[in-house]
Amino acid sequence: MSVLVLILAVSAACCLGFGFVLQQNAAQRAPLSDFLSPRLLLDLMKVPRWLGGIGLMVAGMVLGAIALGQGEVSLVEPLLATNLLFALTLSRRQTRQPLGRQGWAGLALLAGGVTAFIVAGEPRGGSAVSDPMRHWLIIGAMLGLALLLTTYAKRSRLSSGPVLLALAAGLLYGLQDALTRVSGQHFSEDGLAATLSTWQPYAVLALGVTGLVLVQSAFETAPLRMSLPALTAAQPLAGIICGVGFLGDRLRTDTGALAWEAAGLAAIVVGIVLLGLHPAMPSGAGKPERVRDLQPN
């Protein structure tokens, strides 16, 4: 594994983790009438803390894009999942909660899972799949599942809505990462003008804005501990599927390697859940009147 890719990906995770906490601090006070509306972003633009969080998130995305240009999606995505470690660090500073057994267990599982997946899988590049049908089948499945999750989230609101929205956003962000790598390859091979003549850069922008609305709506309506674990778990899984599915990423496929890769991914997900549910994570505004306003009629 390239040291440069490691530094870039972990730096991106740091910016993303800090940015998510600042965004949720601001979004939880946004008007509930903005739920799943682009107006939510316009209202949040007036809040300095949210702008700071967005600035950090953009920095994280830029660093992540550079990392994706230097390494495989299947390598970078598990490293980006460590953003939850940095989110917990900032949250602990705000809430002054001790890490405890749950925190240490989550840290060990997340770090161990990332290490096991990368060491066992040995992600490496390969030739991108030329069959357009396979590309669109995977992209369509990601978009369709994200749309389905968002539709159910609008109906359930408080019960499971924030988790579903975060899952949908994670799928979109994972797909965005894959298309960011494609755009980077176009840019390095053909230049800016040729890159802008393809559809991928505009899809990256559309996915980013849509994912942002979904994430902020989840942050607005529930504590960070409900939404961030789902977002953090879904994004790397979606990115790895896209990387292996149509970008040509290769993983070891012998029985032992597959077992360790599966165990590593499972440990990553469990570690993310443990850290996301840690008491140090912000609990949100949770005002009774806001909760009543969200209940379905």
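Structure first, text after, so check above.
Read on for an overview of the structure. Nothing here was measured: the structure is a model prediction, and the numbers come from that model.

This part is about the pattern of salt bridges. In a structure, side chains of opposite charge can pair up when their charged atoms sit close to one another. On inspection of all chains with the given rule, the structure shows four salt bridges. For the salt bridge of Arg252 with Glu122, the shortest nitrogen-to-oxygen distance reads 3.7 Å. Taken together, the residues span a long stretch of sequence, with Arg252 in the loop between helix 11 (224-247) and helix 12 (255-276) and Glu122 in the loop between helix 6 (100-121) and helix 7 (132-156) at a distance of 130 residues. By relative accessible area, which is 29% here, Arg252 ends up partly exposed.

So, about a nonpolar patch on the surface. There is a patch of nonpolar side chains on the surface, built from Phe187, Leu192, Leu196 and Tyr202 and spanning about 430 Å² of accessible area. Of note, Leu196 is situated in helix 9 (residues 192-196). Judged by relative accessible area, which is 43%, Leu196 ranks as partly exposed.

Taking 1.5 Å per residue, 30 residues should reach 44 Å; helix 8 (residues 161-190) reaches 42 Å between its end C-alpha atoms and fits that length. Counting buried residues in helix 8 gives 21 out of 30 residues, a clear majority hidden from the surface. Of the residues one or two after helix 8, Gly191 is the one with positive phi, at around 95 degrees.

What follows is about the packing of aromatic side chains. In total, this model carries three aromatic pairs according to the counting rule given. Ring plane angle 90 degrees and centroid distance 6.2 Å describe the contact between Phe18 and Phe86, whose orientation is recorded as edge-to-face. Of this pair, Phe18 sits in helix 1 (residues 3-27) while Phe86 sits in helix 5 (residues 83-95), placing them 68 residues apart in sequence. For Phe18, a relative accessible area of 27% corresponds to the partly exposed category. With centroids separated by 6.2 Å and ring planes inclined at 75 degrees, the aromatic side chains of Phe20 and Phe219 adopt a geometry described as edge-to-face. Remark: Phe219 occurs in helix 10 (residues 200-221) and Phe20 occurs in helix 1; sequence separation between them is 199 residues. For Phe20, a relative accessible area of 4% corresponds to the buried category.

Cut-offs and rules
Residues numbered from 1 in each chain as written. Predicted model: local features only at pLDDT ≥ 70, side-chain atom pairs only at ≥ 80, totals over all residues. Heavy atoms only, no water. Salt bridge = Lys/Arg side-chain N within 4 Å of Asp/Glu carboxyl O. Helix = DSSP H or I, 4+ residues; strand = E, 2+ residues; numbered from the N terminus. Buried < 20%, exposed > 50% of the residue type's maximum accessible area, 1.4 Å probe, protein only. Patch = residues over 30% accessible without salt bridge, like charges linked within 9 Å, V, L, I, M, F, W, Y side chains within 5 Å. Areas by Shrake-Rupley, 256 points an atom, 1.4 Å probe, with all protein chains shown as cover. Expected span 1.5 Å × (residues − 1). Phe/Tyr/Trp six-rings, centres within 6.5 Å; stacked < 30°, edge-to-face > 60°.

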